[in-house]
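# Working through the structure, step by step
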Amino acid sequence: MTAKRRPYISMKQPETAKAWTPSLLIVVPCYNEEEVLARSGKILADVLQSMQAGGKVSSASKILFVDDGSQDSTWDIINHLHKSSEIFAGISLAHNAGHQNALMAGLMRALDAGYDITISIDADLQDDPGVMEEMVDKYLQGAQIVYGIRENRDTDTAFKRNTAAAFYRMMKRLGVEEEENCADFRLMSYRALRALSQYRESNLYLRGIVPALGFKTDRVYYSRKERTAGESKYPLPKMLHLAMDGLTSFSLKPMELILRAGILSLGASVLVLAASLIWGVSLYKGFMAFSLWAAAGLILSAIGILGQYTGRTYMEAKRRPRYIIDEETGLEKQEGNIFHLSQAR
């Protein structure tokens, strides 16, 4: 008696494509989020189970919390959520690696486990998880990356709104490709994650790297909510550090500006010298007093900017790991999904 052979399933058969549903992993980086985590877990579970019930994502879909070396009971809560339902999973980093590295750890774990799509969202859920189903719809229509775009920033302070707007304008003028009013709330396909894994830099700026991948993209729009508990994990110093990472990772224009400023200073000194010869020495003395202070400020600024580039080059040359996983719970490898590469479209 011969064994039955599995029938060959063509990737091009429309009836097969209709029956297929993608596996989704929701990646949630966490740092000292004990005040919001239980509530956020329930909301995300309701959204995911609704998509599963509607046939949008497979029953293998899960929520992955990434504990970024929290000092409170965040990891204990993650373990409790996993014990309450297999829909929850978690990884704990051995030390605080920073938001971007924690997010990258979750995304790369999703890639290793073989999930078709991931959606990343912060634990405070100020970004609206209610638009996740719309993100999945955009993916099923062919988009490899779907950005969550904030329609308004009414919950932010005036200072934060104005500085954010100024930052986006500056990055655009410096030639950095970035989605305006989009933080790290986005959907990425398996194919996009595979491309992202080829970016090896230590100073991560995912908001600039993801648009540089070049795949078909789409957008969903939502209103940003207020944080219900806890405090922001992106105070001004961390925001400035992130901005510097983005600037130095994607643009050399600050160094070009230094060169231009030097040339202008040289040209101004020649003009002042000529003017002093024509109109007298007093103008020359007055301008020299001012120019000495201006030159000192320009030199110190130039050294600071060059130091930022040099320091980041030094850190990249070390090739240290971006993060180290200490513990993991509840995440298994997805087996036998023949649609990973075919769904790359």
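Residues numbered from 1 in each chain as written. Predicted model: local features only at pLDDT ≥ 70, side-chain atom pairs only at ≥ 80, totals over all residues. Heavy atoms only, no water.

### Thoughts on the overall build of the protein chain
Applicable threshold: Here a helix means four or more residues in a row that DSSP labels H or I, a strand means two or more in a row labelled E, and each is numbered from the N terminus. Buried means the residue's accessible area, taken with a 1.4 Å probe over protein chains only, is under 20% of the maximum for its type, while exposed means over 50%, and partly exposed covers the values in between. Only heavy atoms enter the contact rule, under which two residues are in contact if any of them lie within 4.5 Å. Computed with a 1.4 Å probe, the accessible areas rest on the Shrake-Rupley method; for each residue, only the protein chains presented here act as cover.
Along the protein chain, the regular secondary structure elements total eleven helices and eight strands. Within the protein chain, the proportion of its 345 residues that are buried is 45%. Contacts spanning at least 24 positions in sequence make up 84% of the contacts within the protein chain whose residues lie at least 6 apart. Surface exposure of the protein chain reaches about 18,500 Å², of which carbon and sulfur atoms provide 57%.

### Digging into the packing of aromatic side chains
Inclusion rule: Pairing of aromatic side chains requires ring centres within 6.5 Å, counting the rings of Phe and Tyr and the six-membered ring of Trp. Pairs whose planes differ by under 30 degrees are stacked, by over 60 edge-to-face, and all others tilted.
In total, this model carries two aromatic pairs according to the counting rule given. Judged by centre distance (5.5 Å) and plane angle (80 degrees), the rings of Phe-185 and Tyr-222 are edge-to-face. Of this pair, Phe-185 sits in the loop between α6 (158-173) and β6 (186-189) while Tyr-222 sits in strand β7 (residues 217-223); the two residues are 37 residues apart in sequence, bridging distant segments of the chain. According to the relative accessible area criterion, Phe-185 is buried, its value standing at 1%. Classification of Tyr-222 as buried rests on a relative accessible area of 2%.

### Quick look at the pattern of salt bridges
Stated formally: The term salt bridge refers to a side-chain nitrogen of Lys or Arg lying within 4 Å of a carboxyl oxygen of Asp or Glu.
Taken as a whole and judged by the stated rule, the model has nine salt bridges. Between Asp-137 and Lys-56 there is a salt bridge, and its shortest N-O distance comes to 2.8 Å. A residue pair is termed long-range when its members are at least 10 positions apart, and Asp-137 in helix α5 (residues 132-140) and Lys-56 in the loop between α2 (37-53) and β2 (62-67) qualify at 81 residues. Each of the salt bridges in this network shares a partner with another, and the network as a whole consists of Lys-56, Glu-133 and Asp-137.

### Overview of the confidence of the model for the protein chain
As a reminder of what qualifies: Per-residue confidence from the prediction method is given by pLDDT, with values spanning 0 to 100.
Confidence in the prediction of the protein chain, expressed as mean pLDDT, is 79, and 67% of residues score 70 or more. Scored below 50 in pLDDT, residues 1-17 makes five contacts in the model with residues more than four places away or belonging to other chains. Contacts for the low-pLDDT stretch residues 336-345, under 50 throughout, to residues beyond four places or in other chains number 23 contacts.

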